[in-house]
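Topology and contacts: notes
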Amino acid sequence: MKKGVYICHCGSNIAGTVDVEEVSKWADDLEDVAISRDYKFMCSSLGQELIEKDIEEYGLDRVVVASCSPHMHESTFRGACQRAGLNPYFMEMANIREHCSWVHKDKEAGTEKSKALVAAALSRVGHHEPLVIQYAPVDKNTLVVGGGIAGIQAALEIANSGYHVYLVEREPSIGGHMSQLDKTFPTLDCSACILTPRMFEAGNHENITLLTYSEVENVDGYIGNFEVRIRKRARAIDEEACTGCGLCEEKCPISVVDDVFEAGLGYRKAVYRPFPQAVPKYPVIDRENCTWYQKGKCRLCEKVCPTDAIDFEQEDEILEVKVGNIIVATGYDAFDARRIPQYGYGRYPNVFTGLEFERMTNAAGPTTGKVVLRDGVNVPESVAIIHCVGSRDKKYNEYCSAVCCMYSLKFAHMVHDKLPDAKVYNFYIDIRTPAKGYEEFYHRLLEEGTIFIRGRAASISDVALTVEEEGKLIVTAEDTLIGEQRRIPVDMAILSTGLEARHDSQEVARTFSISIDKNGFFRERHPKLDPVATMTGGVFIAGAAQGPRDIPSSVAQGAAAAARVLSIIDKGEVEMEAATAEVNDLTCVGCRMCVISCPYEAIDYLEDRQKAEVNRALCKGCGTCVAACPSKSITLHHFTDQELMAQMTGAMNALFEIDGVLMPA
Amino acid sequence: MKYAWYPGCSAEGNSFAYDETSRMIAEALGIEFQEIDDWNCCGATEYFSVNQLPAYALVARNLALINAEETPQVIAPCSACYINLKKTDEKMAKYEQLNTEVNVALAAGNLSYEPGAVKSRHFLDVVCNDVGYEAVKEKMTQSLAGLTLVPYYGCYMGRPEDNFDHPERPQTMDTLLKTLGADVPDYSLKTICCGGHMTQLSAEASLRILRHLLEGANQLNADAMVVGCPMCQLNLDAYQKDVNSAYKTNYQIPIVYFSQVMGLAFGMDPETLMFERGIVSSKAMLEKWLTAEPASKKRRRREKRDKNALPMPKQLES
Amino acid sequence: MTLEPNSVYEKIITELPDGEKLKSCLQCGNCTGSCPSATDMDYAPRGLFALIAAGQDEKVLRANTFWYCVSCYQCTVRCPQEIPITDIMYHLKHQAIEKGLYTTDAKDFSGTFIGMVEHFGRSFELGLAAGFHLLHHPLESVKMAPMALGMMSRGRLKLLPKRIKNMGQLRAILDKAKEIGA
């Protein structure tokens, strides 16, 4: 065997704590080593060429690169080997940066540990087998889950490239939270005006199958080849017949509080479209509140419908579709302000949440855009806007919700605009305005006369102690800039509630085999360099489902996820993991322990032969089955017992040679 | 149900009525008290603030005097006593060194205490959660209908942590008083502190705090404020007159213990329930109750929805 | 970051369980906003924490803040960073006594109380008040007289607390605790 060894300086990242020249010199004398070198940056094109040249010149059949984590550059060095005609799996990396130089200070010890790690890799690589990378074709259809602005953007990008999209939305209409908003910061353009054209386009695109009032129930398969089961809930409306005239809604005698679209501030009928520009235009019948479904009476909608589109017998439909990629853009839930009782939401009528106020200022909302108190008549003379409700608080959510400062400023502007004489207070801890045009918007509000009080509001009470406080809500807070506890009487308080992961994000994550972070948001593959991919190939995330974010950022993520999907579709095939598990047919007893333990459902039990078999397309090479198998019948290629033992003895022998450490018998 | 009973220093003077009526309703509910023999002061907040180890040792002596096998739980009617007993037991369990040192001190008096042996309970907690509202209802012979009773919890029923009720919106006493048939408004100041010992340090500060609480109850047309702590009772009752003269107000709100109003509902003679021990007279409250019309059987008609008004959010279920 | 040895900050962090959480104070003011005594404090909790972080120890220990703290835990349960604020107030009282830097007579009030407990094994609120005021504010005592009379006539005010039977045992325990704690 002829092995080549390459020790990387990584600038001073490694060379600062490891004597790389010494390691290289030491390795040169080891068994089977034909050439050993050290180099400033092995990952540079010159570094890679060094490997390629040596493979040809010295006839190397194994390569060890001692540098950073394989997460960073394994594919780089595998590529170099492949270009020189060597099977890429004949390359092994020794991680002397994250595992050594970055975690140690003592250069002598760092050097010795690096030697042991290099020796381990050399010993292991001798046992490597050549593996062949398999390719699978990619289904050109895509599933987008969630019809908010991020999902709409992603669906349109893909559809406009000529590929088909299934856009699935839980609510009766697409549009998401953005459709509830009135103005958008910092430019104050009307939310509906910029959103509805996109909604219309998505609803009428020849490449988009829109499935609203629907949910994904199950996902099977792998990147390029997913099989998805979707439940299309019965609207009780015949979509072929319905013209969306709205007569049923008009005549329906049942009115209920709309907790979703109107955020509880308005009413809707039992048969309804959430809002006039809803896409699709068909209403749904809410069976929980419809008199026919509850008491077997009424059917008024049926009588008035001019096209006989009401279908009380309609049942849920189950659709099975095949797609190559999935984008999950399921959005966020607003923090439930009732969880902070000292703010009195739900107790004092004139305490409102951010979403309620959005609906109030919206010309199409319950007050036709008038800012009024809960009685619907009186106008507030003073308004307190309370920041960080449910955010930046370890009892609720430690993180900053990212959008509340800006929407609180927008609320202040809306009040100034609609009620020029009203006093507006903003209670804040820090004003966060980091994006384009945001800080300027803050300055504009300072000029408009908003009163900023730096201090988290402690409580809201209705117990008046002075004449001025009578009939008012009293916000108590420390004005930290003057160091005084203050009681500010106001007519209306708005709680700027934060953004939370969807209440069911954990179940959704399980459905799509992706993971969530400690706050319930979907976890990205890399927080900086791969923010829309997940650890599961072919499943991408976008928008506030990944973390609190505003509209521009959600749109950018939707487009980014679409670009990732398009590149996979265009390539036409996907690389399959070569380091997969394999069952030894001769010794397998068919106990099915591996089938149960596999987290990717990649192992089938063959009833006829009573044996387990690994589906190599699904296997991720995690090794769980190897540990679970009681008859030691499963081999994980590239991580065989032999390879791992060789790695350990390599390290132990080196340590013995260097330090005289005795290997345990 | 047998519990150790730690009356606390107030029971011998200031809150004699609370101690007496607690024993009366306990008997009616089948709760048996075993008073700790030769118990000593819990140290209130003063002892802890100045010298920590002697403070823990002081409280631990009481826990050590309890026969934990016979009575593994101790009831304190006073919130401050209760929190000190609870805190001492929990901190000794959590911090090994403290446990060792306290036991070395106890050994000087031939005593020892193993943390976790005795669980400390507030009397309100035992009545509402061990006995339960259903059992309370069964003992009732008359309703408190017609009375508006404002529950006031003070600091230590939900704070600082792992306590028997919510730190900001406790419900135990609300539910108890509703069970007794009273009108119980949602008192937003029910966990704001009464000022504790502040009456002794700054009259201005304490009267301001007390006035806030009394004003809040007054706005709810309280016939009485109901408490479960002698300190809360003392401050709101004995200084109400001073609040009135400082703020030109005229509050006449009797401050009564939950055990006293339970006694009324259980049909005990009001004379025996020691209402006369309050500085603010309870006469008006008692007269109102005695002359109250029996609760009307007719169900109140649902209020019609105001056409203009926006819907109110639903309250969170506790 | 290494803190000045023996500074108020360092002592809180090393001596008090969870005291290191003080480092994460956001200066949001929720503690002061929630404090029933804040308006009577020369530095309310948030301001005091800023002084502690700035190393102005003498100002900190001469403040009346922790003597005016009523131990209601309202700040503690609301603190978004879960700082044990009430426990820090207890600790600051201890530090102020240790360094002899206290300016309020709240210390004497605590002393009167402790004296009574160590003498009788029990306390009584009004006897305590009377004793404290007679010693330190004789005029206040006169003002308190009508209220005290009201309490007396209702059998709620006694002149002396009951002494516990085994006072010797309690003294032995407290003496030992003081010896270890010193």
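Residues numbered from 1 in each chain as written. Chains lettered and ligands numbered in written order. Predicted model: local features only at pLDDT ≥ 70, side-chain atom pairs only at ≥ 80, totals over all residues. Heavy atoms only, no water.

**A look at the packing of aromatic side chains**
Within the structure shown, the criterion is met by 21 aromatic pairs over all chains. Seen from their ring centres, F261(A) and F275(A) are 4.5 Å apart, and the 10° between their planes marks the pair as stacked. Placement of F261(A) in the loop between β13 (255-258) and β14 (266-269) and of F275(A) in the loop between β15 (271-272) and β16 (284-285) is noted, with a sequence separation of 14 residues between them. The residues F261(A) and F275(A) share a single accessibility class, namely buried. A network of ring pairs unites the aromatic residues W5(B), Y18(B), F33(B), F123(B), Y257(B) and F258(B) as a single cluster. The ring of W292(A) carries the charged tip of R299(A) above its face, separated from the ring centre by 4.3 Å. (Phe/Tyr/Trp six-rings, centres within 6.5 Å; stacked < 30°, edge-to-face > 60°. Helix = DSSP H or I, 4+ residues; strand = E, 2+ residues; numbered from the N terminus. Buried < 20%, exposed > 50% of the residue type's maximum accessible area, 1.4 Å probe, protein only. Lys NZ or Arg CZ within 6 Å of the ring centre and 35° of its normal.)

**Section: the nonpolar core**
Residues I31(B), F123(B), M225(B), F258(B), M262(B) and L92(C) are the most contacted members of the largest nonpolar core, which totals 161 residues. Among the elements that line this core, the one with the most residues is helix α3 (residues 52-64) of chain B, at nine residues. Every residue in contact with F123(B), bar those within four places of it in the chain, is listed here: W5(B), S22(B), I25(B), A26(B), I31(B), F33(B), I75(B), A76(B), P77(B) and F258(B). Residues I327(A), A533(A), I568(A) and M576(A) belong to the second largest nonpolar core, which totals 55 residues. (Core = buried A, V, L, I, M, F, W, Y, C linked by side-chain atoms within 4.5 Å. Contact = heavy atoms within 4.5 Å.)

**A closer look at the pairing of strand β3 (residues 62-67) of chain A**
Residue and element names in this part refer to chain A. The buried fraction of β3 is high, at six of six residues. Residues R62, V64 and A66 point to one face of β3 and V63, V65 and S67 to the other, with burial holding for every one of them. As judged from the five bridges shared by strand β1 (residues 3-8) and β3, these two strands associate in the parallel manner. When the sheet's bridge partners are listed, K3 is paired in β3 with R62. As paired strands, β3 and strand β4 (residues 91-95) are joined by five bridges and run parallel to one another. Bridge assignment links S67 to a residue of β4, and that residue is N95. One crossover worth recording links β3 to the parallel β4 by way of helix α3 (residues 70-83), and it is right-handed. (Pairing = 2+ DSSP bridges. Right-handed = clockwise from strand over helix to strand, strands pointing away.)

**Looking at the interface of chain B and chain C**
Size of an interface, as often reported, equals the accessible area lost when the parts are brought together. With 62 residues of chain B in contact, the opposing surface of chain C contributes 56 residues. Taken together, the connections running from chain B to chain C amount to six salt bridges. For the salt bridge of R122(C) with E12(B), the shortest nitrogen-to-oxygen distance reads 2.5 Å. Summed over the shared surface of chain B and chain C, the result is 20 residue pairs in polar contact (both at pLDDT 80 or more). (Salt bridge = Lys/Arg side-chain N within 4 Å of Asp/Glu carboxyl O. Polar contact = N/O pair within 3.5 Å; in protein donor to acceptor, adjacent residues only side chain to side chain.)

**Concerning the pattern of salt bridges**
Taken as a whole and judged by the stated rule, the model has 57 salt bridges over all chains. Of the charged contacts in the structure, one is a salt bridge between R432(A) and D430(A), with a shortest N-O distance of 3.8 Å. The partner of R23(B) in a salt bridge is D19(B), with the nearest N and O atoms 2.8 Å apart. Residue R23(B) and its partner D19(B) are located together in helix α1 (residues 16-29), separated by four residues, close to a single helical turn. Given the relative accessible area of 7%, D19(B) is considered buried.

**What to know about the environment of T179(B)**
Residues and elements named next belong to chain B. Along the polypeptide, T179 turns up in helix α8 (residues 172-179). Classification of T179 as buried rests on a relative accessible area of 16%. Residues T179 and M140, spaced 39 residues apart in sequence, show a C-alpha to C-alpha distance of 9.4 Å. Aside from chain neighbours lying at most four places away, what touches T179 is Y133, K137 and M140.

**Considering the sheet that holds strand β6 (residues 142-145) of chain A**
Strands pair in a sheet through their backbones, by hydrogen bonds, and they do so in one of two ways: parallel or antiparallel. Residues and elements named next belong to chain A. Taking strand neighbours across the sheet as the criterion, the five strands line up as β10-β7-β6-β18-β29 in an open arrangement whose pairing is parallel. Edge positions in the sheet fall to β10 (208-211) and β29 (539-541), since each has one partner strand and no second. Strand-to-strand, the axes of this sheet are offset by a mean angle of 20°, without reference to chain direction. Pairing between strand β18 (residues 325-328) and β29: three bridges, direction parallel. Across the sheet, the residue bridging to V328 is I541, located in β29. Packed onto the sheet, helix α15 (residues 551-571) meets β6, β18 and β29 and runs at close to 175° relative to β18. (Axes fitted to C-alpha atoms, helices over the stretch in contact; angles between N-to-C directions.)

**Digging into the interface of chain A and chain C**
Residue-level contacts link 18 residues of chain A with 19 residues of chain C. Taking both partners together, chain A and chain C bury about 1500 Å²; carbon and sulfur atoms supply 44% of that area. The three residues of chain A that bury the most area against chain C are K394(A), E478(A) and Q485(A), which together make up 38% of that side's buried surface. Our count for the contact surface shared by chain A and chain C stands at one salt bridge. Close ionic contact of R46(C) with E478(A) constitutes a salt bridge, the shortest N to O distance being 2.7 Å. Connecting chain A to chain C are 13 residue pairs in polar contact (both at pLDDT 80 or more). (Buried area = accessible area lost by both parts, 1.4 Å probe.)

**Some thoughts on the packing of helix α1 (residues 8-15) of chain C against helix α7 (residues 85-98) of chain C**
All names here are of chain C. One way to put it is that α1 packs onto α7 with a least axis distance of 11 Å and a crossing angle of 125°. Compared by their axis directions, α1 and α7 come out oblique. α7 is crossed by α1, and the crossing has right-handed handedness. Here V8, K11, I12 and E15 of α1 come into contact with α7, specifically with I88, H91, L92, Q95 and E98. (Parallel < 35°, antiparallel > 145°, perpendicular 65-115°, else oblique. Left-handed = near helix turned anticlockwise from the far one by under 90°.)

**Things to note about the sheet that holds strand β23 (residues 451-454) of chain A**
Residue and element names in this part refer to chain A. Spatial ordering of the open sheet is given by β20-β27-β21-β22-β23, a layout of five strands whose pairing is parallel. Looking at the sheet topology across the chains shown, the edges are occupied by β20 (351-353) and β23. Strand-to-strand, the axes of this sheet are offset by a mean angle of 20°, without reference to chain direction. The strands touched by helix α11 (residues 354-361) are β20 and β27 (492-497); relative to β20, the strand with the most contacts, the crossing angle is about 90°. Of the strands in this sheet, β21 (382-389), β22 (423-428), β23 and β27 touch helix α12 (residues 404-418), which is tilted by about 155° from β27.

**Observations concerning a negative patch on the surface**
Taken together, the side chains of D220(A), E227(A), E320(A) and E601(A) make up a negatively charged region of the molecular surface. For D220(A), the position within the fold is in strand β11 (residues 214-222). (Patch = residues over 30% accessible without salt bridge, like charges linked within 9 Å, V, L, I, M, F, W, Y side chains within 5 Å. Areas by Shrake-Rupley, 256 points an atom, 1.4 Å probe, with all protein chains shown as cover. Lys, Arg positive; Asp, Glu negative; His and termini not counted. Charge placed at Lys NZ, Arg CZ, Asp CG, Glu CD.)

**Let's talk about the side chain of E524(A)**
All names here are of chain A. Within the fold, E524 resides in the loop between α14 (505-511) and β29. As a buried residue without a salt bridge, E524 has its nearest oppositely charged side chain in R523, at a separation of 6.1 Å. Of the polar contacts made by the side chain of E524, one reaches the side chain of Q546; its length is 2.8 Å.

**As for the state of the cysteines**
In the structure shown here, the tally under the stated rule is one disulfide over all chains. Across the disulfide from C190(A) sits C193(A); the S-S distance is 2.4 Å. Sign of the S-S torsion, about 85° for the bond between C190(A) and C193(A), identifies this disulfide as right-handed. Classification of C190(A) by relative accessible area gives partly exposed; the value is 24%. Its relative accessible area of 51% is what places C193(A) among the exposed residues. Considering cysteine sulfurs only, C78(B) is the nearest to C81(B), which forms no disulfide, with 3.7 Å between them. (Disulfide = S-S within 2.5 Å.)

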